[in-house]
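Residue-level listing of the chains:
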Amino acid sequence: MDSTASKDARLADEQRERRLQRLGLNSPEPEEKFDRIATLASSLADAPIAMVNFIGGQQMFRGLCFPSSEQEGERSGVPFGIGDLPPAPDSRDAPIDIGFCPHVVRQKAQLAIEDVLASRHYRNNPVVEALNVRAYLGTPLQDNTGLIIGTVTVADVRPHRWTEKQKSEMQFLAETLKPEFQLRDSVLAQQDELLAVFDRAPFPMMLTQGPEHLLRFANTRQGSAFGRADLLTPGREAYPSLKEAGIFDSMDWVLQEGQVTELRSVTLPLHGTDLAQRFDITCTPVRLRPEAPVNSVLTTAIKTTESVQGSEQQKMAEDLVSRFANPAPSSEN
(Lines give C-alpha, C1' and ligand atoms only; values in the text may rest on other atoms or scores of the structure.)
Protein backbone atom coordinates (compact mmCIF):
# COMPACT_ATOMS: atom_id res chain seq x y z
CA MET A 1 0.00 0.00 0.00
CA ASP A 2 1.52 3.37 -1.03
CA SER A 3 1.73 6.31 1.38
CA THR A 4 -1.33 8.06 -0.05
CA ALA A 5 -3.48 4.94 0.19
CA SER A 6 -2.17 4.29 3.71
CA LYS A 7 -3.04 7.84 4.78
CA ASP A 8 -6.53 7.54 3.26
CA ALA A 9 -7.09 4.25 5.06
CA ARG A 10 -5.98 5.76 8.37
CA LEU A 11 -8.31 8.75 7.93
CA ALA A 12 -11.18 6.39 7.08
CA ASP A 13 -10.46 4.38 10.24
CA GLU A 14 -10.47 7.54 12.35
CA GLN A 15 -13.71 8.75 10.76
CA ARG A 16 -15.40 5.41 11.40
CA GLU A 17 -14.22 5.32 15.01
CA ARG A 18 -15.49 8.86 15.67
CA ARG A 19 -18.83 7.91 14.14
CA LEU A 20 -19.14 4.83 16.36
CA GLN A 21 -18.28 6.98 19.38
CA ARG A 22 -21.00 9.43 18.41
CA LEU A 23 -23.57 6.65 18.03
CA GLY A 24 -22.55 4.95 21.27
CA LEU A 25 -21.45 1.82 19.40
CA ASN A 26 -17.77 1.90 20.29
CA SER A 27 -17.91 -0.87 22.88
CA PRO A 28 -18.86 -4.58 22.70
CA GLU A 29 -21.86 -4.58 25.04
CA PRO A 30 -24.67 -6.80 23.66
CA GLU A 31 -27.81 -5.12 22.42
CA GLU A 32 -31.08 -6.98 21.97
CA LYS A 33 -31.97 -5.43 18.62
CA PHE A 34 -28.66 -6.45 17.09
CA ASP A 35 -28.86 -9.92 18.65
CA ARG A 36 -32.24 -10.38 16.95
CA ILE A 37 -30.78 -9.36 13.59
CA ALA A 38 -27.92 -11.85 14.08
CA THR A 39 -30.35 -14.64 14.95
CA LEU A 40 -32.44 -13.84 11.88
CA ALA A 41 -29.33 -13.78 9.69
CA SER A 42 -28.32 -17.21 11.00
CA SER A 43 -31.74 -18.60 10.14
CA LEU A 44 -31.94 -17.07 6.66
CA ALA A 45 -28.44 -18.18 5.71
CA ASP A 46 -28.72 -21.62 7.37
CA ALA A 47 -25.44 -20.89 9.14
CA PRO A 48 -24.67 -21.48 12.84
CA ILE A 49 -22.64 -18.29 13.38
CA ALA A 50 -23.91 -14.77 12.77
CA MET A 51 -23.04 -11.33 14.08
CA VAL A 52 -23.60 -7.62 13.75
CA ASN A 53 -20.01 -6.46 14.00
CA PHE A 54 -18.97 -2.84 14.46
CA ILE A 55 -15.38 -2.10 13.43
CA GLY A 56 -13.48 0.55 15.36
CA GLY A 57 -10.24 0.15 17.27
CA GLN A 58 -11.43 -3.42 17.76
CA GLN A 59 -14.21 -5.63 16.44
CA MET A 60 -17.35 -5.38 18.58
CA PHE A 61 -20.08 -8.01 18.24
CA ARG A 62 -23.04 -6.09 19.67
CA GLY A 63 -25.24 -8.59 17.86
CA LEU A 64 -24.32 -12.26 18.08
CA CYS A 65 -25.63 -15.73 17.37
CA PHE A 66 -23.12 -18.42 18.24
CA PRO A 67 -23.55 -22.15 18.98
CA SER A 68 -22.78 -23.26 22.52
CA SER A 69 -22.49 -26.56 24.29
CA GLU A 70 -25.30 -27.83 26.49
CA GLN A 71 -23.07 -27.20 29.51
CA GLU A 72 -22.75 -23.50 28.69
CA GLY A 73 -26.51 -23.14 28.57
CA GLU A 74 -26.77 -20.04 26.41
CA ARG A 75 -24.97 -18.14 23.67
CA SER A 76 -23.49 -15.06 25.29
CA GLY A 77 -20.14 -14.66 23.55
CA VAL A 78 -17.46 -16.02 21.26
CA PRO A 79 -14.84 -18.29 22.88
CA PHE A 80 -11.80 -16.71 21.26
CA GLY A 81 -8.45 -18.21 22.15
CA ILE A 82 -6.03 -16.81 19.60
CA GLY A 83 -2.25 -16.84 19.94
CA ASP A 84 -1.41 -15.75 23.47
CA LEU A 85 -5.01 -14.80 24.21
CA PRO A 86 -6.76 -17.29 26.56
CA PRO A 87 -10.29 -18.43 25.65
CA ALA A 88 -12.96 -16.02 26.88
CA PRO A 89 -16.40 -17.71 26.70
CA ASP A 90 -18.33 -14.44 27.01
CA SER A 91 -16.18 -12.39 24.64
CA ARG A 92 -17.99 -9.89 22.46
CA ASP A 93 -14.89 -8.40 20.88
CA ALA A 94 -11.83 -9.39 18.88
CA PRO A 95 -8.60 -7.76 17.71
CA ILE A 96 -8.84 -5.74 14.52
CA ASP A 97 -6.20 -7.84 12.73
CA ILE A 98 -8.03 -11.19 12.72
CA GLY A 99 -11.06 -12.47 10.87
CA PHE A 100 -12.59 -11.35 7.61
CA CYS A 101 -14.91 -8.48 8.61
CA PRO A 102 -12.14 -5.84 8.48
CA HIS A 103 -11.56 -6.86 4.84
CA VAL A 104 -15.25 -6.23 4.09
CA VAL A 105 -15.08 -2.75 5.61
CA ARG A 106 -11.90 -1.83 3.76
CA GLN A 107 -13.12 -3.22 0.42
CA LYS A 108 -16.61 -1.71 0.90
CA ALA A 109 -18.10 -4.79 -0.72
CA GLN A 110 -19.73 -8.07 0.24
CA LEU A 111 -17.24 -10.92 0.72
CA ALA A 112 -18.34 -14.52 0.14
CA ILE A 113 -15.96 -17.39 0.88
CA GLU A 114 -17.41 -20.84 0.28
CA ASP A 115 -14.41 -22.80 1.59
CA VAL A 116 -11.79 -20.86 3.52
CA LEU A 117 -9.30 -23.73 3.37
CA ALA A 118 -9.39 -23.61 -0.43
CA SER A 119 -8.42 -19.92 -0.42
CA ARG A 120 -4.70 -19.18 -0.42
CA HIS A 121 -5.44 -15.61 0.74
CA TYR A 122 -7.73 -16.41 3.68
CA ARG A 123 -6.96 -19.94 4.89
CA ASN A 124 -4.22 -18.88 7.35
CA ASN A 125 -6.36 -16.32 9.14
CA PRO A 126 -6.26 -17.06 12.93
CA VAL A 127 -10.06 -17.11 13.16
CA VAL A 128 -10.18 -20.26 11.01
CA GLU A 129 -8.56 -22.40 13.69
CA ALA A 130 -9.94 -20.46 16.67
CA LEU A 131 -13.60 -20.81 15.68
CA ASN A 132 -13.39 -23.64 13.12
CA VAL A 133 -14.72 -21.30 10.43
CA ARG A 134 -14.87 -22.94 6.99
CA ALA A 135 -17.21 -20.55 5.15
CA TYR A 136 -17.89 -16.81 5.49
CA LEU A 137 -20.32 -14.24 4.12
CA GLY A 138 -19.84 -10.64 5.23
CA THR A 139 -21.95 -7.68 4.14
CA PRO A 140 -21.01 -4.01 4.63
CA LEU A 141 -23.13 -2.25 7.25
CA GLN A 142 -23.78 1.38 6.37
CA ASP A 143 -25.17 3.99 8.69
CA ASN A 144 -27.80 6.50 7.61
CA THR A 145 -25.08 8.85 6.28
CA GLY A 146 -23.63 6.18 3.97
CA LEU A 147 -20.55 5.50 6.08
CA ILE A 148 -19.59 1.82 6.44
CA ILE A 149 -19.27 1.17 10.17
CA GLY A 150 -19.23 -2.62 10.32
CA THR A 151 -20.71 -5.79 8.89
CA VAL A 152 -23.64 -8.16 9.04
CA THR A 153 -21.88 -11.52 8.97
CA VAL A 154 -22.74 -15.21 8.79
CA ALA A 155 -20.28 -18.09 8.94
CA ASP A 156 -20.33 -21.87 8.85
CA VAL A 157 -18.14 -24.62 10.28
CA ARG A 158 -18.35 -26.53 7.02
CA PRO A 159 -18.01 -25.45 3.37
CA HIS A 160 -21.11 -23.54 2.36
CA ARG A 161 -22.31 -22.45 -1.07
CA TRP A 162 -23.84 -19.04 -0.48
CA THR A 163 -26.81 -18.56 -2.79
CA GLU A 164 -27.70 -15.30 -4.48
CA LYS A 165 -30.85 -15.26 -2.37
CA GLN A 166 -28.84 -15.49 0.85
CA LYS A 167 -26.48 -12.75 -0.29
CA SER A 168 -29.43 -10.52 -1.11
CA GLU A 169 -31.11 -11.24 2.22
CA MET A 170 -27.96 -10.25 4.11
CA GLN A 171 -27.86 -6.97 2.21
CA PHE A 172 -31.52 -6.42 3.09
CA LEU A 173 -30.85 -7.06 6.79
CA ALA A 174 -28.02 -4.53 6.73
CA GLU A 175 -30.38 -1.98 5.17
CA THR A 176 -32.99 -2.54 7.89
CA LEU A 177 -30.58 -1.15 10.50
CA LYS A 178 -30.30 2.30 8.88
CA PRO A 179 -33.41 3.62 10.67
CA GLU A 180 -31.82 2.60 13.98
CA PHE A 181 -28.82 4.82 13.27
CA GLN A 182 -31.11 7.63 12.10
CA LEU A 183 -33.06 7.36 15.35
CA ARG A 184 -29.86 7.55 17.38
CA ASP A 185 -28.82 10.66 15.47
CA SER A 186 -32.19 12.25 16.12
CA VAL A 187 -32.10 11.58 19.86
CA LEU A 188 -28.48 12.74 20.10
CA ALA A 189 -29.40 15.98 18.34
CA GLN A 190 -32.21 16.53 20.87
CA GLN A 191 -29.76 15.88 23.70
CA ASP A 192 -27.25 18.31 22.21
CA GLU A 193 -29.92 21.02 22.08
CA LEU A 194 -30.82 20.37 25.70
CA LEU A 195 -27.20 20.44 26.78
CA ALA A 196 -26.64 23.74 24.97
CA VAL A 197 -29.37 25.31 27.09
CA PHE A 198 -27.52 24.25 30.23
CA ASP A 199 -24.04 25.22 29.06
CA ARG A 200 -24.01 28.19 31.41
CA ALA A 201 -25.74 26.47 34.28
CA PRO A 202 -24.29 27.71 37.60
CA PHE A 203 -23.01 24.24 38.58
CA PRO A 204 -20.59 21.78 36.97
CA MET A 205 -22.09 19.10 34.76
CA MET A 206 -20.83 16.63 32.19
CA LEU A 207 -22.20 13.90 29.95
CA THR A 208 -19.98 10.89 29.36
CA GLN A 209 -20.48 7.91 27.11
CA GLY A 210 -19.59 4.22 27.24
CA PRO A 211 -17.44 2.21 29.66
CA GLU A 212 -14.48 4.55 29.17
CA HIS A 213 -16.75 7.51 30.00
CA LEU A 214 -15.76 9.41 26.86
CA LEU A 215 -16.53 13.09 27.39
CA ARG A 216 -19.47 14.11 25.21
CA PHE A 217 -20.22 17.40 26.94
CA ALA A 218 -18.87 19.55 29.76
CA ASN A 219 -20.41 22.90 30.55
CA THR A 220 -18.54 26.12 31.28
CA ARG A 221 -18.69 25.65 35.05
CA GLN A 222 -17.30 22.10 34.75
CA GLY A 223 -14.27 23.50 32.96
CA SER A 224 -13.66 26.29 35.45
CA ALA A 225 -14.10 24.01 38.49
CA PHE A 226 -12.23 20.88 37.35
CA GLY A 227 -10.38 21.87 34.18
CA ARG A 228 -11.15 21.91 30.49
CA ALA A 229 -10.85 18.77 28.40
CA ASP A 230 -11.26 17.81 24.76
CA LEU A 231 -14.46 16.07 23.75
CA LEU A 232 -14.30 12.27 23.48
CA THR A 233 -11.37 12.17 25.91
CA PRO A 234 -11.68 9.24 28.37
CA GLY A 235 -13.16 10.70 31.53
CA ARG A 236 -10.56 9.38 33.95
CA GLU A 237 -7.87 10.96 31.79
CA ALA A 238 -9.76 14.25 31.48
CA TYR A 239 -10.51 14.59 35.20
CA PRO A 240 -7.94 12.76 37.37
CA SER A 241 -9.18 14.54 40.50
CA LEU A 242 -12.65 13.07 40.00
CA LYS A 243 -11.06 9.68 39.43
CA GLU A 244 -9.13 9.89 42.70
CA ALA A 245 -12.34 10.82 44.54
CA GLY A 246 -14.03 7.63 43.27
CA ILE A 247 -16.62 9.40 41.14
CA PHE A 248 -15.86 7.34 38.06
CA ASP A 249 -16.24 4.16 40.10
CA SER A 250 -19.77 5.30 40.90
CA MET A 251 -20.33 6.09 37.22
CA ASP A 252 -19.21 2.54 36.37
CA TRP A 253 -21.93 1.28 38.72
CA VAL A 254 -24.54 3.53 37.10
CA LEU A 255 -23.68 2.15 33.64
CA GLN A 256 -23.91 -1.41 34.91
CA GLU A 257 -27.02 -1.14 37.07
CA GLY A 258 -28.91 1.63 35.26
CA GLN A 259 -29.79 3.43 38.49
CA VAL A 260 -29.17 6.94 39.79
CA THR A 261 -26.51 7.24 42.48
CA GLU A 262 -25.68 10.19 44.74
CA LEU A 263 -22.46 10.99 46.54
CA ARG A 264 -22.82 13.45 49.40
CA SER A 265 -20.25 16.02 50.50
CA VAL A 266 -17.35 14.91 48.29
CA THR A 267 -14.28 17.11 48.71
CA LEU A 268 -12.74 18.00 45.35
CA PRO A 269 -9.78 20.26 44.53
CA LEU A 270 -10.61 23.27 42.36
CA HIS A 271 -8.62 23.48 39.14
CA GLY A 272 -5.73 25.92 39.13
CA THR A 273 -5.97 26.74 42.84
CA ASP A 274 -4.90 25.37 46.19
CA LEU A 275 -8.52 25.36 47.29
CA ALA A 276 -10.99 22.51 47.65
CA GLN A 277 -14.77 22.50 47.78
CA ARG A 278 -17.37 19.99 48.95
CA PHE A 279 -19.90 18.90 46.33
CA ASP A 280 -22.99 16.74 46.25
CA ILE A 281 -22.63 14.58 43.14
CA THR A 282 -25.52 13.03 41.22
CA CYS A 283 -24.84 10.46 38.48
CA THR A 284 -27.79 9.63 36.24
CA PRO A 285 -28.06 6.85 33.62
CA VAL A 286 -28.92 8.05 30.12
CA ARG A 287 -30.53 5.99 27.34
CA LEU A 288 -31.06 6.85 23.71
CA ARG A 289 -34.67 5.72 24.20
CA PRO A 290 -36.58 4.10 27.08
CA GLU A 291 -36.04 0.48 26.04
CA ALA A 292 -32.38 0.87 25.02
CA PRO A 293 -29.49 -0.09 27.30
CA VAL A 294 -27.82 2.63 29.34
CA ASN A 295 -24.94 4.04 27.30
CA SER A 296 -24.14 7.35 29.02
CA VAL A 297 -23.97 9.02 32.42
CA LEU A 298 -25.01 12.59 33.24
CA THR A 299 -23.09 13.90 36.25
CA THR A 300 -23.90 17.10 38.12
CA ALA A 301 -22.01 18.65 41.03
CA ILE A 302 -23.74 21.07 43.41
CA LYS A 303 -21.78 22.80 46.14
CA THR A 304 -22.80 21.16 49.39
CA THR A 305 -23.54 24.55 50.97
CA GLU A 306 -26.00 25.27 48.16
CA SER A 307 -27.63 21.81 48.00
CA VAL A 308 -30.59 22.64 50.16
CA GLN A 309 -34.13 21.67 49.33
CA GLY A 310 -35.72 24.31 47.15
CA SER A 311 -32.52 26.07 46.11
CA GLU A 312 -32.53 27.44 42.58
CA GLN A 313 -29.45 25.48 41.54
CA GLN A 314 -30.80 22.24 42.97
CA LYS A 315 -34.11 22.66 41.16
CA MET A 316 -32.30 23.36 37.90
CA ALA A 317 -30.12 20.29 38.33
CA GLU A 318 -33.10 18.09 39.19
CA ASP A 319 -34.97 19.37 36.12
CA LEU A 320 -32.05 18.56 33.84
CA VAL A 321 -31.58 15.13 35.39
CA SER A 322 -35.29 14.40 35.02
CA ARG A 323 -35.34 15.37 31.35
CA PHE A 324 -32.39 13.09 30.60
CA ALA A 325 -33.56 10.23 32.79
CA ASN A 326 -37.02 10.27 31.19
CA PRO A 327 -36.47 10.91 27.49
CA ALA A 328 -39.47 11.59 25.31
CA PRO A 329 -40.49 8.50 23.31
CA SER A 330 -39.29 8.53 19.73
CA SER A 331 -40.95 7.07 16.66
CA GLU A 332 -39.09 4.42 14.64
CA ASN A 333 -40.79 5.13 11.35
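Structure: above.
Overview of the structure. Along each chain, residue indices are assigned from 1 in the same order as the chain's sequence is written. Reporting of local features is limited, given that this is a predicted model, to residues whose pLDDT is at least 70; pairs of side-chain atoms are given and counted only at 80 or more, and all residues count toward the totals for whole chains, interfaces and linings. Excluded from the side-chain calculations are hydrogens and water; all other atoms, namely the structure's heavy atoms, are used.

The criterion is simple. A nonpolar core is a set of buried Ala, Val, Leu, Ile, Met, Phe, Trp, Tyr and Cys residues joined through side-chain atoms within 4.5 Å. Remark: exposure states derive from per-residue accessible area (1.4 Å probe, protein chains only) relative to the maximum for the residue type, with buried under 20%, exposed over 50%, and partly exposed in between. Phe54, Leu141, Val154 and Phe181 are the most contacted members of the largest nonpolar core, which totals 27 residues. Within the residue set of this core, elements represented by two or more residues are helix H1 (3-23), helix H2 (32-45), strand E1 (49-55), strand E2 (59-65), strand E5 (135-142), strand E6 (148-156) and helix H5 (164-176). Only runs of H or I of at least four residues qualify as helices and only runs of E of at least two qualify as strands under DSSP, and these elements are numbered from the N terminus. The leading source of residues in this core is H2, at 5 residues. Grouped together as the second largest cluster of nonpolar side chains are 23 residues, Cys101, Val105, Tyr122 and Tyr136 included.

Moving on to the pairing of E2. Taken across its 7 residues, E2 has 7 buried, putting it largely inside the fold. Two strands are counted as paired when DSSP detects at least two bridges linking them. Of the strand pairs in this sheet, E1 and E2 are connected by 6 bridges, and their pairing is antiparallel. By the bridge assignment for E2, methionine 51 is matched with leucine 64.

Our focus in this paragraph is the sheet that holds E5. Note on sheets: strands pair through backbone hydrogen bonds, and any given pair is parallel or antiparallel. Pairing is antiparallel in the open sheet, where 6 strands are placed in the order E3-E2-E1-E6-E5-E4. Of all strands in the sheet, those with a lone pairing partner are strand E3 (93-94) and strand E4 (111-113), marking the two edges. The pairing of E5 with E6 spans 8 bridges and is classified as antiparallel. Bridge pairing links threonine 139 to valine 152 in E6. Relative to the sheet, H5 contacts E4, E5 and E6, its axis offset from that of E5 by approximately 35°. By definition in these notes, contact holds between two residues if any of their heavy atoms fall within 4.5 Å. The axes used here are C-alpha line fits, helices contributing only the stretch in contact, and every angle between their N-to-C directions lies in the interval 0 to 180 degrees.

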